[in-house]
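# Topology and contacts: notes
Take a look at the letters that make up each chain.
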Amino acid sequence: MANRYDPLKKDRAIKMVLSHLSEYPSVYKAAAAIGPKVGVGVESLRRWVQDSLTKDTPEGAAAEVESKKIKELERKVRDLEEANEILKAASIFFAGELDPRQQRR
């Protein structure tokens, strides 16, 4: 799904929920009360708030960095596996071409 919300609107909505969080028993209840007022879906707002709370902790920041590293390493592995398959196919081809036992017609 494309990003539907303006980043400024998103930040403002998150700040509103965080500033009024002590007035509600849960993040969901705060998002349910504030979301319609700012024109944001309840679940979207709840997720944004949860993400911002998680990122603000040292563990959350470390997890985000590790997640980026894992994605980058997975991409590199895919690229290397693809290159390996190409090299295998090329070596099989050239081994057949250079085989002296093979009779050329």
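Now for a description of the structure that goes with this document. (Residues numbered from 1 in each chain as written. Predicted model: local features only at pLDDT ≥ 70, side-chain atom pairs only at ≥ 80, totals over all residues. Heavy atoms only, no water.)

## Description of the overall build of the protein
How we decide: To qualify as a helix, a DSSP run of H or I must reach at least 4 residues; to qualify as a strand, a run of E must reach at least 2; elements of each kind are numbered from the N terminus. Each residue is placed in one exposure class: buried if its accessible area under a 1.4 Å probe, protein chains only, is under 20% of its type's maximum, exposed if it is over 50%, and partly exposed if it falls in between. Note on contacts: a residue pair is in contact if any heavy atoms of the two residues lie within 4.5 Å. Here, Shrake-Rupley sampling with a 1.4 Å probe gives the accessible areas, and only protein chains in the shown set may cover a residue.
Within the protein one finds four helices and zero strands. Along the chain direction, N to C, the helices and strands of the protein fall in the order α-α-α-α. Counting every position in the protein, which comprises 105 residues, the buried fraction comes to 14%. Pairs at least 24 apart in sequence give 44% of the contacts found in the protein among residues at least 6 apart. Summing over all exposed atoms, the protein offers an accessible surface of approximately 8,700 Å²; the carbon and sulfur share of this is 56%.

## Re helix H3 (residues 42-55)
Stated precisely, the cut-off is as follows: Residue count minus one, scaled by 1.5 Å, sets the expected span of a helix. What the arc covers is the set of directions going from the helix axis to the C-beta atoms.
Over its 14 residues, H3 extends 20 Å from the first C-alpha to the last, a length consistent with the 20 Å expected when each residue adds 1.5 Å. Listing the buried residues of H3 in full gives Leu45, Trp48, Val49 and Ser52. The buried residues of H3 occupy an angular sector of 95° when projected down its axis, which confines them to one face.

## Some points on the packing of helix H1 (residues 7-20) against helix H2 (residues 27-38)
Defined as follows: Angles here are taken between N-to-C directions and fall from 0 to 180 degrees, while the axes themselves are lines fitted to C-alpha atoms, restricted in helices to the stretch in contact. Rotating anticlockwise by less than a right angle from the far helix to the near helix defines a left-handed crossing, while the corresponding clockwise rotation defines a right-handed one. Three classes are used: nonpolar for Ala, Val, Leu, Ile, Met, Phe, Trp, Tyr, Cys and Pro, charged for Asp, Glu, Lys and Arg, and polar for all others, with Gly counted as polar.
Closest axis-to-axis distance for the H1/H2 pair is 10 Å, and the angle between their directions is 140°. The element H1 and its partner H2 pack so that their crossing is right-handed. Here Lys9, Ala13, Met16, Val17 and His20 of H1 come into contact with H2, specifically with Ala30, Ala31, Ile34 and Val38. Here the residues of the contact of H1 with H2 are counted per class, giving seven nonpolar, one polar and one charged.

## So, the nonpolar core
The nonpolar side chains of a soluble globular protein tend to be buried, and buried together. Put simply, the rule reads: We define a nonpolar core as any set of buried Ala, Val, Leu, Ile, Met, Phe, Trp, Tyr and Cys residues linked to one another through side-chain atoms lying within 4.5 Å.
The biggest cluster of nonpolar side chains holds 12 residues, and these are Ala13, Ile14, Val17, Val27, Ala30, Ala31, Ile34, Val38, Val40, Leu45, Trp48 and Val49. Mapped by element, the contributors of at least two residues to this core are H1, H2 and H3. Broken down by element, this core gets its largest block of residues, five residues, from H2. With sequence-adjacent residues up to four places away left out, Ala31 is seen in contact with Val17, Pro36, Val42, Leu45 and Arg46.

## Examining the pattern of salt bridges
What counts, and what does not: The salt bridge definition used is simple: a Lys or Arg side-chain nitrogen within 4 Å of an Asp or Glu carboxyl oxygen.
Under the criterion given, the structure shown has five salt bridges. Here Glu43 and Arg46 are joined by a salt bridge, their closest N and O atoms 2.5 Å apart. With Glu43 and Arg46 both in helix H3, this residue pair falls three residues apart, about one helical turn. The exposure class of Arg46 is partly exposed, given its relative accessible area of 25%. Between Arg75 and Asp79 there is a salt bridge; the shortest N-O distance is 3.4 Å.

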